Amino acid sequence: MLSFILHRLFLTFFLLFVISLISFFIVTLTPGSPYPWGEMNPKISPELKEAFRKKFHLDRPLPVQYYLMLHDLFTGKLRSMKDELPVLRKILDRLPASLRLNITAMLFSLSCGTLLGIYGARHAGHWHDLLSSFLAFLLIALPGFWISYLVVIGLVKHVGIPILGTQSYGIDFPNEFSRWLDQTWHLILPALILSLGALAIQSRYLRASIIETLREHYILTAHAKGLSSSAIFYKHALRNSLRPLITGIGMLLPSLISGTVIIESIFAYPGMGQLGYQAVLERDYPMLVALNFIVAALVLIGNFISDLLYAVVDPRVRLE
Amino acid sequence: MEQKKADDQQKLLQNNSKSNFTHFFKNPVALIALIIVLFLALVAVAVSILSYYGIEWPMNPNETHLDARLLQPSLEHWIGTDHLGRDVFSRMLHGTVISMTVGFTAVAVSLSIGVSIGAVAGYCGGKIDQILMRSVDALLCFPTFFLILTAVALLGPSLINIIVVIGLISWTGTARLVRAEFLTLRETEYVYAARILGQRWWKLIIRHMLPNAAAVILITAILGIPEAILAEAGLSFLGFGVQPPQATWGNIIADGKNYFLDAWWLIFFPGLAILMTALSFYLLGDALREVAE
Amino acid sequence: MMNYVRSLLYGIPLFLVLLFVVSLLNTASLTVKKENEMSLGINAEPVTLNPIQQSDASSALVTGFLFNGLLKENENLELVGSLASEWSLNQITTFYFLNSLGAERAKVILEKEKIAHPEWGIDTSLTKHATQLKLTLHEPGYRHSESISQSLPKESLLPVQTVRLQRDPKNSNPSIFELLLTTISEPYFKEHLQRTRRSDDCEEWVFASSFSLQNFLEKNASHFPLKITHQETHLFTAEPVINFTLRHDVCWHDGVPFTSADVAFTCHAIMDDRVASPLRSYFELVSKIETPDPWHLTVHYRHPFSPALNSWTIPIIPAHLLENKDPSLWGSSFNRHPVGTGPFCFEAWKSNEYVRLKKNNHYFLGAPWLESIAFRILPDPLTLRLAFETHQIDFWDAAPWAIKGCSEDRRFEIFATPGNSYTYVGWNSRRPLFADIRVRQALAHAVNIPEMIQYLLYGNGVPSTGIFTPRMWCYNDSIKPFSYNPKKAAALLDQAGWKIGHDGIRSRAGKRLSFTLLTSNGSSIGPDIALLLQDKFRKNGIEMKIETYEWTVYLKKLQEHDFDAVVAAWTLPDDCDQYDLWNSNQYFAGGYNYTGYNNPHVDQLLQEIRNEYRRPEVISLAKELQQTIYQDQPYLFLFVPKHTSVLWKGSYRLCYPTDHGFVDRPLEPCKAGWNYNMEWFYRKDYPPIK
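Residues numbered from 1 in each chain as written. Chains lettered and ligands numbered in written order. Predicted model: local features only at pLDDT ≥ 70, side-chain atom pairs only at ≥ 80, totals over all residues. Heavy atoms only, no water.

1. Things to note about the overall build of chain A
Of regular secondary structure, chain A possesses 13 helices and zero strands. Along chain A, helices and strands appear, N-terminal first, in the series α-α-α-α-α-α-α-α-α-α-α-α-α. Summed over all atoms, the accessible surface of chain A reaches about 12,500 Å², with 69% contributed by carbon and sulfur. (Helix = DSSP H or I, 4+ residues; strand = E, 2+ residues; numbered from the N terminus. Areas by Shrake-Rupley, 256 points an atom, 1.4 Å probe, with all protein chains shown as cover.)

Right, dumping it as C-alpha cells:
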C-alpha cells in the first residue's frame, strides 16, 4: 500500500510538471497579445509596449520565459500582467468563495444524485423508476445559462429577493447566524444549478451500477441465506456499486474553473471561473499558468483520493 | 469449456435483445423520444437539402428586416423576430442542422478515441494502463472550458473546428469509464479463460469484452450527443461559436440575451429546443440501454 | 452500519433542502437599510486604482472621485482650475548664431522690435556661450518665433536640427549613446547639443546642422547601429513653458499637504518605464519641471505641443507615499488602497464584489453630501439591469436597446448626452480594392446610416461626419454626411470598372468584388453592424464575408494589418490632436494609423495643429482636417452613439459650490454629460446641510 501511495505521489508531481509545461506553451501559442491596455487607446505608444514586454520577460526566448515563470510561481513573485498583483494573492482571494460554491454543488450532486439513483434502482421497471429517469434526464438536458436566467429574473424581478453577489448588499444583519444564512442563500442557488448536470449523471451511473450488482451471484447467495432485501441492498449491493460514484468525484473537480464561468457571471458570484475567463480573454499568461497549475494540483489530489477509494471499495482492483 | 461458456453468454445476450426490441416499442416515453429525434434529423436533412437548392422555408434566416424587429410570436412569425428582424423560427430550423451535425460528429470523434484508449488501458493494465491513464489524468486536469477557448482561438472559429475541439476534449470521460469497466471484466473468469486459451488480445477485446462493456459505452455515447449540443450552445453563448450569420440555437440565445426582458421568446424557445432535443436523446439512449441489457 | 448509511443517504439531501428553505426565509425577512449612499454598477472589476496606470473605464470611474488634476473640464468642456488656482503659458525661443557678434547684433535689432511688436512680449537674454540668444515670448507656438527670425540677419543665424535616434533592436549594447557623445569632436556639436532621453532605446538630439549626423552614422555604421527616425531643421528651438500656481488649502486623504513636489513626482512616475503609464505620450515632450517653491511649478516642453495644457487634467498622485517605493510593488499596496485629494476617500475593495468610498470631510471645496459611494461589480449586462430595477444600484448606463422600454416606463428618467466615440468601418488602404477612392465613396453611399442609427441605437446617435465628434470644440458642423444613394454607389462602382457579373456580384478583370469584414465579439454592436452591412452590400453586388474574433485576436490582426475591412470605434479625448491616428508615419505594426492612410496635406495639418496654440486657428485647421479626411473616406464613418443613462425619477439632485455660493438644481444633461459634478449629487431623502 505504502509503495503504491509513494508511486502515485511521484507520478502526481511528474504530471504537475508536465501540465505546467504544456499549459505554458498552449497559452503562449494562442494568438493575441497580453497587453493590459485592452482598449484601442491612441495614447499608448509602441515604446511603452516594448517596455511592458521587457518587464514581463516577453522578449526572452520561450524556455527562459518558462523557467522564470515557474521560478516566480514558487517564490510567490509571479505577478498578473493586468494589474501587477501577485497571482497567488488574486487566486487566494477567490479560492474560498469558489471552493464553497463547488463543494456545495458537489454535495448536492453526490447526495441527491445518490438518492435519485438508489430510488431508481430499487424501483427498477416500475413507473417510479421511469419518473426518476425522466427527472434525471430533464436535469442533465437543462442548459445552465438558460435556467440561470430564468431563475434570476424570476426571483429578482418578480419576487424581489436579492440573490446577486455573495451576500445581500446594504443590510444590517441582526446577528452573525443571519449573515451566514444569507450567504448560504446566495450560494445555494448557483450551486444547485451548477450541480444539476452532475447530479443527474451520478444518479444514472449509480442506478445502472446497482442494477448490475444486484444480478451478481453473491447477491443471489445472500438472498438464499435469507437476508432481508434492504440489508442486502445497503450492506452488499451499494458498496459494490460505488465505483462510478468515485470516478465521478475525480471528474467533478476540473469544473472548479471551467464549469462555473457563465453561472458566476449571471449570479455576479466572485469565483475563480470569472478570473480564469478574464485571464483567457486578456491573455494574462502568468495568471493562466498559475491557475492551470493550481487546478491541476487540485484535480490530481482528487484523482489520488478517488484511486485510493477505488482500491478500498473494490478489492478486485489490484494495486499494481 | 470456458470459451464455450463465454460464447453462450453472448448468445444469451443477443437472444435477450431480440425479445427486448418489442419491449422498446411498448415504452411510450422512448417512442416519443425516438420520434422527436427522427423528426429533428429529418428537419436537419430537409433544411440542408432545401437551402442547397436555394429554397428557404418559411423565410430566409439571415435576411434582416429592420422595420420588423422584436416582433412577438404571431401567425407570420411563429416564434417572433430577433433584434435585426430576422425570423426566429427559420433561424431555429437552420440551428437544428448545426446542432445535429455537432452532436453526432463530435461524439463520433470522442467515442472512437475514448473507447480505444480506455479499452487498451483497461485490458493491458500495468505500464500501458499507467501511461495512458496518467495522460488522461493530465488532460482532465486542464479546465475544459479554458482548453476549448484556447483551442478555438488557436484554430479559429468555424463549424469543423468546433466539432473537432469538442470531440477531442470530451473523450476522457469515456476512456476512464471504459477502462474501469475493463479492469473489472479482465478479472472475470471467462476473460481469464479466453486468455489462457490463447485468444489474440484485440480479438478478445472486440469479441468478448466490448460487448460486455456495451452498456457503459452506449450510455456515454448517448450522453455525449446532447453534451456536445450543450457545449456548442455554451460556446455560442459566450461568442465563440460558428461565424455569423450562420444561426445556431446557442447564438440565437447569445444574440437575444440582452433583450430578454423585452423579448422573452428569443431565449425561451431556443432554450426549450435545446432542452427537448437533449432530453429526447437521453431518453432514447436510456431505452436503448435497457434493450441492450 | 446499515442505518448509518441510510440516515446519511436521506439526511444530507434533507438537510440541504432545509437549509435552502431556511436561508430563503431569512433573506426574505431582511430589510434593506436606507443609507446615504450612492451605488453604481460597473461591469468589470477595476484593474487598478492608481490613476496613472489605469486604462479601463471601471477604474477611471472610481478614481474620478478619489483624485484631482491641476486642471479640469467644466460643464462645457472648457479648462478650469482644480488643484491649480492659476496658470499661464509662454515660450522660450533660442536662436543660435555662428558667432557672438551676430548674437549681439540680433539683440540690438530685437530691442527695437520690442516696441513695434508689443504682442510678442519679448524678454531677451544671451546665454553664457554668447552665441545663443534666448527670448521669452508671451504665447507659445512657432508663429511669433518665425516672424522674429525673419527680422534677424540671415547670414549669422545657424540652423539647428532635431533628430530622433533609435537603437537598432538587434544590437543591445547600452553604451552606444555615450560612445556617440564622446567620439564626436565637431566644435559646434558639443556646445550646441541638447540631448534628451525618451526611453532606453530612443533619444532626441538637437544640434547645429553644420554637422551631418547622417554622414557620420553611415560612415561608422558598424560601430553605431542607430537609425534616425525623425528629423527636422529649424532656425531656432522653441520651448513652450507652462506656469502653475497651486492651491494652498489642499491636503491628501492622510492629512499631508499637497505641494508642487507631488506634481513633479507624478510626471516623473508617468515617464518611468517601470510604471508603464498609458498617459506617457502626453509627457514625452516635457524637458524639465521646476518647483521653485511648494506652490509654484514651471513645466518646460521641447517643442510646441498644444495638447499639453489638456494633459494637466491628469490626476496627481502623492509623492510622499510612492516616491521611495519600487513601482513594481505599487500593485499590492497603493493601487489597492489609494490616497488622493478628491472628494471621497478609499474605504474598501472586495474582489469582484464591490469598491466602497467614503466622503472626505476635509475636501478643499467642502465635504460632499453623500456619506459613501459603492461601486458594485456586476459582469452580466442583464444582471446589471435587474440590479438597477430592484434598487440595488442607482444608475444604469443603459444599452440602446433597453432605452425604448425604459422611456415608456414612468418610474425612470433618461439622460442622453453626446458621446465621445464614433463607430466606423476601416478600409485597409493597402489592399488594391480599397486604394480606389471611388470604391470607398461608393461603399459610403451604399449604407443607410440614419436607418442604422434608428434601429441599432434606437435613435440615440447621430451620423458621424469624420474624425471629431459633435461634442468637441473643434467639430466641423458644416460637413454633410454621405447620403444613402444606392444608384450613385452603383454608378461609382461602374465607373471604377466593377461590373455586375452573372452571379449578381460585381467583378473586374475576373476578380469578384468580395472582401472580409473583421469584427469582434467583444463589442455588442459590431456583429450587428456587420450583418446589416452585409445585407446592404449584397443588394449592391458586393460580397462581404464576416469574421468574428475575440478581442485580443482582433486587435492583433489590426496591428499586423491582416484584414480587408474592420468594424471598430474610437473613443477620443477632448483635444483635437489626432496625430497618432492619421499621420502617415504612424503606419507600422502596432501603430494606430493601421488602415495605412497617407495624405501629405493631412500630415501637414496634423503637425500644424500640434504647433498652434491659438484656439481660433486650431479650430480652422481642425475643420479643414476633418473635411479633408471625410472626403477621402479612409473609414466609412458610421455614427456617434449617445451616452444614455437611466435613473429612478427624482431620486437625486445636485448641489454644488460656485464662487457665488451653492447652486441647487435637479439633474440635467449638459455637454460634459448628465453626471458631471457627480460628487455633488445628493439623495432626496438626505438633503444637504450647508
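Anyway, onward from the coordinates.
2. What about the overall build of chain C?
What chain C contains, in helices and strands, is 21 helices and 31 strands. Sorting the 690 residues of chain C into buried and exposed places 57% on the buried side. Counting only contacts in chain C whose residues sit at least 6 apart along the sequence, the fraction spanning at least 24 positions is 71%. Carbon and sulfur atoms form 53% of the exposed surface of chain C, whose accessible area is close to 28,100 Å². Counting 68 positive and 75 negative side-chain charges, chain C places the centres of these two groups 5 Å from one another. (Buried < 20%, exposed > 50% of the residue type's maximum accessible area, 1.4 Å probe, protein only. Contact = heavy atoms within 4.5 Å. Lys, Arg positive; Asp, Glu negative; His and termini not counted. Charge placed at Lys NZ, Arg CZ, Asp CG, Glu CD.)

3. A few points about the packing of aromatic side chains
Residues and elements named next belong to chain B. One pass over the full model with this rule turns up 56 aromatic pairs over all chains. Relative to F89, the ring of W78 has its centre 4.8 Å away and its plane inclined at 50°; by these criteria the two rings are tilted. One end of the pair, W78, is in the loop between α2 (28–52) and α3 (88–124); the other, F89, is in helix α3, and eleven residues separate them in sequence. Take F89: its relative accessible area is 17%, and that puts it in the buried class. (Phe/Tyr/Trp six-rings, centres within 6.5 Å; stacked < 30°, edge-to-face > 60°.)

4. Describing the pattern of salt bridges
All names here are of chain C. On inspection of all chains with the given rule, the structure shows 36 salt bridges over all chains. Taking the shortest distance from any N to any O, the salt bridge between D409 and R411 comes out at 2.8 Å. The partner of D685 in a salt bridge is R683, with the nearest N and O atoms 3.4 Å apart. Several salt bridges converge on common partners, so that one network encompasses D503, R512, E543 and K545. (Salt bridge = Lys/Arg side-chain N within 4 Å of Asp/Glu carboxyl O.)

5. Looking at the environment of R143 of chain C
Inspection of the secondary structure assignment puts R143 of chain C in helix α4 (residues 142–151). Only 2.7 Å separates the side chain of R143 of chain C from the side chain of E139 of chain C, close enough to count as a polar contact. (Polar contact = N/O pair within 3.5 Å; in protein donor to acceptor, adjacent residues only side chain to side chain.)

6. A look at the environment of E35 of chain C
When you line up the elements, E35 of chain C lands in the loop between α1 (2–29) and β1 (37–42). Sequence spacing of E35 of chain C and E155 of chain C is 120 residues, and the spatial spacing of their C-alpha atoms is 76 Å.

7. Some points on the nonpolar core
Across soluble globular proteins, nonpolar side chains show a tendency to be buried alongside one another. Core analysis: the largest hydrophobic core is formed by 160 residues, its most contacted members being F145, I163 and F267 of chain A together with W396 and V646 of chain C. No other element matches helix α7 (residues 176–214) of chain A, which puts 13 residues into this core. If we skip the residues at most four places from it in the chain, I163 of chain A touches L155, V156, W185, H186, L189 and F267 of chain A. If you look at the next biggest cluster of nonpolar residues, it comprises 79 residues, including Y424, V425, L457 and W498 of chain C. (Core = buried A, V, L, I, M, F, W, Y, C linked by side-chain atoms within 4.5 Å.)

8. Quick notes on unusual backbone geometry
Residues other than glycine predominantly adopt negative phi, and peptide bonds predominantly adopt the trans conformation. One non-glycine residue, A268 of chain A, lies in positive phi territory at about 50°. Following the sequence through the fold, A268 of chain A ends up in the loop between α11 (261–267) and α12 (272–282). Note on A268 of chain A: relative accessible area 5%, which makes it buried. Backbone geometry at Y458 of chain C places phi at a positive 55°, although glycine is not the residue there. Taking relative accessible area as the criterion, Y458 of chain C reaches 15% and is therefore assigned buried.

9. What about the pairing of strand β30 (residues 661–666) of chain C?
Residues and elements named next belong to chain C. With six bridges connecting them, strand β29 (residues 652–658) and β30 associate as antiparallel partners. The partner of T658 across the bridge, within β30, is G661. The turn linking β29 back onto β30 is made up of two residues. (Pairing = 2+ DSSP bridges.)

10. Re the interface of chain C and chain B
Contact residues are listed per partner, giving 22 residues for chain C and 23 residues for chain B. Summed over both sides, the interface of chain C with chain B buries roughly 2,100 Å², with 58% coming from carbon and sulfur. Interface area lost by chain C to chain B is led by W401, Y455 and L531 of chain C, which between them contribute 26%. Scanning the region where chain C abuts chain B turns up zero salt bridges. Put simply, chain C and chain B have one residue pair in polar contact (both at pLDDT 80 or more) between them. Among the elements of the structure, α11 (381–389), α15 (449–456), α17 (526–539) and β25 (543–549) of chain C are those that each provide at least two residues to the side of chain C that touches chain B. (Buried area = accessible area lost by both parts, 1.4 Å probe.)

11. Comments concerning α15 of chain C
Residue and element names in this part refer to chain C. Among all positions of α15, only I449, M452, I453 and L456 are buried. End-on, the buried residues of α15 take up no more than an arc of 100°, which puts them together on one face. Tucked into the core, α15 has its buried residues touching α12 (400–407), β20 (461–463), α17 and β27 (635–641). Two or three places before E451, at the opening of α15, N448 has a side-chain oxygen 3.3 Å from that residue's backbone nitrogen. (Arc of directions from axis to C-beta.)

12. Quick notes on the interface of chain A and chain C
Facing the 72 residues of chain A at the interface are 82 residues of chain C. Together, the buried faces of chain A and chain C total about 7,100 Å²; carbon and sulfur atoms form 62% of this surface. Seen at the junction of chain A and chain C, the total is two salt bridges. Between R336 of chain C and D93 of chain A there is a salt bridge, and its shortest N-O distance comes to 3.9 Å. There are nine residue pairs in polar contact (both at pLDDT 80 or more) connecting chain A and chain C. Those elements giving two or more residues to the side of chain A that touches chain C turn out to be α2 (46–55), α4 (87–122), α6 (144–159), α7, α9 (229–240), α11 and α12 of chain A. Examining the composition of the side of chain A that touches chain C, we find that ten residues originate from one element, α4 of chain A, more than from any other. When the residues that make up the side of chain A that touches chain C are grouped by side-chain class, the tally is 39 nonpolar, 15 polar and 18 charged. (Nonpolar A, V, L, I, M, F, W, Y, C, P; charged D, E, K, R; others polar.)

13. A look at the sheet that holds strand β13 (residues 296–301) of chain C
Residue and element names in this part refer to chain C. Pairing within the open sheet is antiparallel, and its six strands lie in the order β5-β6-β4-β11-β13-β12. Each edge of the open sheet carries a strand with a single partner, namely β5 (123–126) and β12 (286–293). Here the average twist between neighbouring strands, direction ignored, is 20°. In this sheet, strand β6 (residues 132–137) lies alongside strand β4 (residues 84–96) in antiparallel orientation, the contact comprising six bridges. In the sheet register, T93 faces β6, and the bridge partner there is L135. Lying on the sheet, helix α8 (residues 260–271) is in contact with β11 (236–246), β12 and β13; it crosses β12 at an angle near 165°. (Axes fitted to C-alpha atoms, helices over the stretch in contact; angles between N-to-C directions.)

14. With respect to the pairing of β12 of chain C
Residue and element names in this part refer to chain C. Bridging between β12 and β13 involves five bridges; their strand directions are antiparallel. Of the residues in β13, the one forming a bridge with D293 is H296. From the end of β12 to the start of β13, which pair antiparallel, there are two residues.

15. A word on the sheet that holds strand β22 (residues 506–508) of chain C
One open sheet holds the three strands; their spatial order is β21-β22-β23 (chain C), and the pairing between them is antiparallel. Looking at which strands have only one partner, the edges of the open sheet turn out to be β21 (499–500) and β23 (511–512) of chain C.

16. Structural notes on helix α9 (residues 201–237) of chain B
Residues and elements named next belong to chain B. Counted at 1.5 Å a residue, the expected span for α9 with its 37 residues is 54 Å, but the 45 Å between its end C-alpha atoms falls short. The sharpest bend along α9 comes to roughly 55°, located at L210, with the proline P211 sitting one to four residues further on. Of the residues flanking the end of α9, it is G239, one or two places downstream, whose phi is positive at about 85°. (Expected span 1.5 Å × (residues − 1). Bend = angle between axes of the 7 residues up to and from the residue.)

17. Some details on the side chain of D528 of chain C
Secondary-structure assignment places D528 of chain C in helix α17. We note that D528 of chain C is buried and unpaired, the nearest opposite charge coming from R86 of chain B at a distance of 5.4 Å. Side-chain polar atoms of D528 of chain C contact the side chain of H83 of chain B, separated by 2.9 Å. Those residues in contact with D528 of chain C, other than ones at most four positions away along the chain, are H83, L84 and Y259 of chain B together with L456 of chain C.

18. Re the packing of helix α7 (residues 171–186) of chain B against α9 of chain B
All names here are of chain B. The geometry of α7 relative to α9 is characterised by a closest axis approach of 10 Å and an angle of 135° between their N-to-C directions. With respect to their mutual orientation, α7 and α9 come out oblique. Two packed elements cross with a definite hand, and for α7 against α9 that hand is right-handed. Here T174, L177, V178, E181, F182, L185 and R186 of α7 lie close against α9, whose contacting residues are I205, M209, L210, N212, A213, V216, I217 and T220. Across the contact of α7 with α9, the residue classes break down as ten nonpolar, three polar and two charged. (Parallel < 35°, antiparallel > 145°, perpendicular 65-115°, else oblique. Left-handed = near helix turned anticlockwise from the far one by under 90°.)

19. Examining a nonpolar patch on the surface
Taken together, V45, I49, L50, Y52, Y53, I55, W57 and W78 of chain B make up a surface patch of nonpolar side chains, about 940 Å² in accessible area. Note on placement: W57 of chain B falls in the loop between α2 and α3. (Patch = residues over 30% accessible without salt bridge, like charges linked within 9 Å, V, L, I, M, F, W, Y side chains within 5 Å.)

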